[in-house]
Amino acid sequence: MKKMTSAYAGKLLRSLEEDKAYWVNRENESCTYVAANNEEPVIPEYDYAEVAATIEQIDAKIAVIRHAVNLSNATAQVQVGDEVMSVDTILIRMAQLNKRKGVLDWMRKQLPKTRDDNNSYRARNAVPEYRYINYDLDLIKAEYERVSETIMEMQIALDRYNQTIEFEVEI
């Protein structure tokens, strides 16, 4: 049993994925070889059983660590402002708010009145059309700031959790 933080688990998972990529690449490069009919082949060193066992051990560690992280994310309670949320709820909520922030960002950048050029196929002397915003621009700007601050508050709480709270992993 080993204790670790989410931040450490993330770094350990990246390291394990790199190690696995090394072994998979080694297998890809060594499991076959090319030789001409009239030459002595250069046979690379390759032991299927060793490579397969090593990859299996790495995959097992990855599965155990990911499960522990997921379990921690689902059960750990984190204070975000006045609210207590699970880590997985924070992650879901942040994704939702980031999408909303994108829409609000587009809306806050719109001019109150713009020339609509979608009618270029009409005659040259057609009456120009204008596009108007149908919302309070100040309200949108304020909402954008509120959503941005909420995301930042969640991210800070998540960073604090990831760096300080330990959970047990059976590796």
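Look a little higher up for the structure.
Every value quoted in this text rests on a predicted model; they were computed, and no experiment measured them.

Peer 1: Explain helix α3 (residues 87–108) to me, using residue names and the numbers behind them.
Peer 2: A rise of 1.5 Å per residue sets the reference length of α3, with its 22 residues, at 32 Å; its end C-alpha atoms lie 30 Å apart and thus fit the reference within 8%. What α3 keeps buried is the set Val87, Ile90, Met94, Leu97, Leu104, Asp105 and Met107. In an axial view of α3, the angular spread of the buried residues amounts to 135°, which keeps them on one side of the axis. In this structure, α3 carries Ile92, Lys99 and Trp106 as exposed residues pointing more than 90 degrees from its buried face. Close packing links the buried residues of α3 with α2 (48–75), β2 (77–80), β3 (83–86) and α4 (137–164).

Peer 1: Give a detailed account of the packing of helix α1 (residues 6–30) against α2, specifying residues and quantitative values.
Peer 2: The contact between α1 and α2 brings their axes to 10 Å, and the two run at 160°. By the criterion of interaxial angle, the relationship of α1 to α2 is roughly antiparallel. Remark: the crossing between α1 and α2 carries left-handed chirality. Grouping the constituent residues of the contact of α1 with α2 by class yields 13 nonpolar, three polar and eight charged.

Peer 1: Go over a negative patch on the surface, please, and point to the residues and values.
Peer 2: Judged by side-chain charge, Asp82, Glu83, Glu145, Glu149 and Glu153 come together as a negatively charged surface patch. It is α4 that provides the largest number of residues to the negative patch, a total of three residues.

Quick notes on the rules
- Residues numbered from 1 in each chain as written.
- Predicted model: local features only at pLDDT ≥ 70, side-chain atom pairs only at ≥ 80, totals over all residues.
- Heavy atoms only, no water.
- Helix = DSSP H or I, 4+ residues; strand = E, 2+ residues; numbered from the N terminus.
- Expected span 1.5 Å × (residues − 1).
- Buried < 20%, exposed > 50% of the residue type's maximum accessible area, 1.4 Å probe, protein only.
- Arc of directions from axis to C-beta.
- Contact = heavy atoms within 4.5 Å.
- Axes fitted to C-alpha atoms, helices over the stretch in contact; angles between N-to-C directions.
- Parallel < 35°, antiparallel > 145°, perpendicular 65-115°, else oblique.
- Left-handed = near helix turned anticlockwise from the far one by under 90°.
- Nonpolar A, V, L, I, M, F, W, Y, C, P; charged D, E, K, R; others polar.
- Patch = residues over 30% accessible without salt bridge, like charges linked within 9 Å, V, L, I, M, F, W, Y side chains within 5 Å.
- Areas by Shrake-Rupley, 256 points an atom, 1.4 Å probe, with all protein chains shown as cover.
- Salt bridge = Lys/Arg side-chain N within 4 Å of Asp/Glu carboxyl O.
- Lys, Arg positive; Asp, Glu negative; His and termini not counted.
- Charge placed at Lys NZ, Arg CZ, Asp CG, Glu CD.

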